[in-house]
Each structure stands twice: as structure tokens, then as C-alpha cells.
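Here is how the chains run, residue by residue.
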Amino acid sequence: MKILVYSDFTSGVYYYRFRLYLEDWASRRGVSYSVVEAYDENIIKATKPDIVFFQQLILNSATIIELTHKYKAAVYYDLDDYPFVLSDFHPLNPRNLVFADGIYPLIFHSDYVTVSTPHLLKNLAIYFSNVLDIDYKTLIGKLSKRLEIRPNYVRKSDYVLRPKVKKDRVRIGFMGAVNHIGDLPVLLDALYELQKAGHNFEFYLFGFDIKFLDWKTFIYNWAYKLGFKEPRVDSENQLEHYIALFIEKMDKLKNVVATPWVPPSDFHRKLSSLDFDIGVAPLAASLFNESKTPLKFYEYVMVGTPCVASNVIPYSDECNYLADNTVEDWYLKLEKLIIDEKFREELWNEQYKWVLANRVFNQEISDKLLEKLKQAVAKYKDGSVSEEETDRKG
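Thresholds, definitions, all that
Residues numbered from 1 in each chain as written. Predicted model: local features only at pLDDT ≥ 70, side-chain atom pairs only at ≥ 80, totals over all residues. Heavy atoms only, no water. Helix = DSSP H or I, 4+ residues; strand = E, 2+ residues; numbered from the N terminus. Contact = heavy atoms within 4.5 Å. Polar contact = N/O pair within 3.5 Å; in protein donor to acceptor, adjacent residues only side chain to side chain. Pairing = 2+ DSSP bridges. Salt bridge = Lys/Arg side-chain N within 4 Å of Asp/Glu carboxyl O. Axes fitted to C-alpha atoms, helices over the stretch in contact; angles between N-to-C directions. Parallel < 35°, antiparallel > 145°, perpendicular 65-115°, else oblique. Nonpolar A, V, L, I, M, F, W, Y, C, P; charged D, E, K, R; others polar. Core = buried A, V, L, I, M, F, W, Y, C linked by side-chain atoms within 4.5 Å. Buried < 20%, exposed > 50% of the residue type's maximum accessible area, 1.4 Å probe, protein only.

Our next topic: the environment of E202. Relative to the assigned elements, E202 resides in strand β8 (residues 201–206). Once residues within four sequence positions are removed from consideration, E202 is found in contact with K167, R169, V170, R171, I172 and N255. Within the structure, E202 has its side chain in polar contact with the side chain of R171 (distance 2.8 Å).

See the structure below:
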């Protein structure tokens, strides 16, 4: 089978949702694939794929699907995030990022569709049932003909266990892009209270940006570029509010280390080398966050770091050590990990066993997706895929 992938091949989404599978199929199943960041008629004519992969947000998707089908290739669409709300403080206006008209054809007219969690599927179905004025159960029935849930998995061979070097301070690590600053205030308050209580730790921020070498310089530069010369906590602009709040709370912390983003190909070994004793995954409760996967939990654990996460979906579905999003509970959960090295090791062992048993990529998982794609190709080429469309509201 020949596959053409339209994606940003430097992104983590491409890495986990497509690359693991493509590399496995190429090595074991005789599949050939090409990855492109631009898509037009010349590309599809030159590559002659059996199926084209798309993911996340695609402009002019109806035209792209029509073009792909014109050249007798099936369409596979994968969605890993809730596309209609990013957050109330996202630095890019969601109206400029997210287009319902672009998502609709991909969900309803691709030959095969996958999403990463049952919560994402539920929230998509609620959205479309309201927009299209269709009964929720009826819509789920229509979607189930071509849409399935495909969780995120990690590839064991990507990871090396951290060195677990004895340190003067317990190392607490957070990893994530700068857009996660809205998830951090409660954690930062808890860290400050732990610091005041005399607990000896250092706090690492990993991955805000490729230029993230000093947290304060980076944040002020970022704010300035966004038009916030002197960020104010009392600002009505949610992004400015969270930037100012982040600065205010970070200024109180000692022993903070900023570590820049690295590309997915270097990420796993970088995470291991940072040697976090504790991995934190704070997450605010929101529709967008609820639709995500608990990937940070898997990644921490796979390098030998126990994880404490917010007691909200998706972490509450899988992680076994959770903190309610209050300063008090984050304080207590972190304090136990800071003072009790034996507990840290026991917790990591439990989490590691769970991830190995439930979220590690393997040939069975890989082959299952490939067979689904082959079925989609066969159905499209023999004309058995229904052309039925769900009418738009109005």
C-alpha cells in the first residue's frame, strides 16, 4: 500500500498519531509512504497513493477530499484535540484557527476517521448534534460507521530510564508548551508553600519554546510581542491575566530552571537526561482539556519518573496519583513525594506496570490500524462507501 501523509512531520502529534505506525509498516508490512506539508493536484498525481492521511485542522478540506477521491485515493482523517474551543487564553484567536466548515467534511466524508479518546468523540458528537440539529444517538450511529477511537501509545524503544542521580535537591519537573500557563497557577502556589515550609527542591520548566533559556526573559519578550508591555493580573484579556499571574507566582520561587523545547526525535532522551524525581501534570478543567489524552503521564513514567496529575479528565481515567486542583491538595501530594523516596519508587513501579500493559505501542495495535485502512481503501475503490451526507442545520 502507498500512503501520502499531509502533516507537519516535526510535530508531536504527527509523531504519536502517524509516525510510529508508518515506520512499523514500512519495516514489516511493505508499506511505502511520503510526508508532505503542501497538498495539491501535482503532488497526488506524482505520488499515486492508495490513501491520504490528514490530521487536526485543514483549510479547504471539502476541496481536498474531492481532489483526493478524484485520483481514486481513500481519505483517512485523525483528530487528537477538540477543535472548536482551544482555551479562553490561547495566544491565537480560536476563530482564526478553527473552522467548523473545515472539520465537518473531514469527520463526515473521510473514508475512515479516528479520534484519540471517548471524551473527544462525545464532545464532537454533542457539538455536531447541536449545530446540525440531529439527535445525539442518531449522530453517534452515523459516525460509528466510519469513526473509531484510537488511543495514544508510546514506543518502548524510544525511551531510556533516567539515571536517578543523587541530588542536593529533589527535582520537580513540568513539561509543556507556553500555552499551558493557564494550568499552572495552583501548582505554583503549592510549590511556594512547600518552599516556605522548608522543603528542598528545584523546579524545572521544560519545553515552553525553543528559545526558552531563561523563564523571565522569555515570558516578558513573549508578552511584549503579543502587545502586553506590562502584563497586568487585573486585565480583562485572559491571556494577559495568565501571563501576569505566571510572572507574579514564579518570582516567588527559588531554584527554577528553564529548559528549551526540543524536536520529537530528541525529546525522549532529553526528558530522561533531565532526571526529574517527580513529574507534574497540572491541568485546568475545561472542554478542550477534557478531550486530550494523558500523554504526559505515559512520558514521565517511561523515563522512570513518578507522575502526579490533576484530578480531572483525562488524567483521572488513567493516572493513579491525583491532586485536586486546590493549593492544599497539590501541597499534600507533592510533599509526600518530596519527603518519601521509597514512596516515589513504589508509585513509579505501579505506574510503569500500568503503562507497559495498556499504552505501549506493539505490532498488534499497529496491524489493527493497517487492516482498517486497507478495508477503507477497498471499500472506496469498489464503490461501497456510502455517499450519504448529513444535512447542515438550516
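Anyway, onward from the coordinates.
Turning to the pairing of strand β11 (residues 307–310), a few remarks are in order. One ladder, built from three bridges, connects strand β10 (residues 278–281) with β11; its direction is parallel. Bridged to A281 within β11 is A309.

Here we come to the pattern of salt bridges. Counted under the stated rule, the structure contains 27 salt bridges. Shared partners join several salt bridges into a network, and the residues in it are D24, R28, R29, D367, E371 and K374.

So, on to the packing of helix α15 (residues 327–339) against helix α16 (residues 341–358). Relative orientation of the contacting elements α15 and α16 amounts to 105°, with a least axis distance of 5 Å. Taken as axis vectors, α15 and α16 run roughly perpendicular relative to one another. Side by side, α15 and α16 meet where K336, L337, I338 and I339 of the first sit next to E341, F343, R344 and L347 of the second. For the contact of α15 with α16, the class distribution of residues is five nonpolar, no polar and three charged.

With that out of the way, let us pick up the nonpolar core. By size, the foremost hydrophobic cluster in this structure holds 54 residues, and its most contacted members are W25, F53 and V154. No other element matches helix α1 (residues 12–28), which puts eight residues into this core. In contact with W25, other than residues within four places in its own chain, are I3, G30, V31, F53, S366, D367, L369, L370 and L373. Membership of the second largest hydrophobic core comes to 43 residues, among which are L205, W222, I247 and W330.

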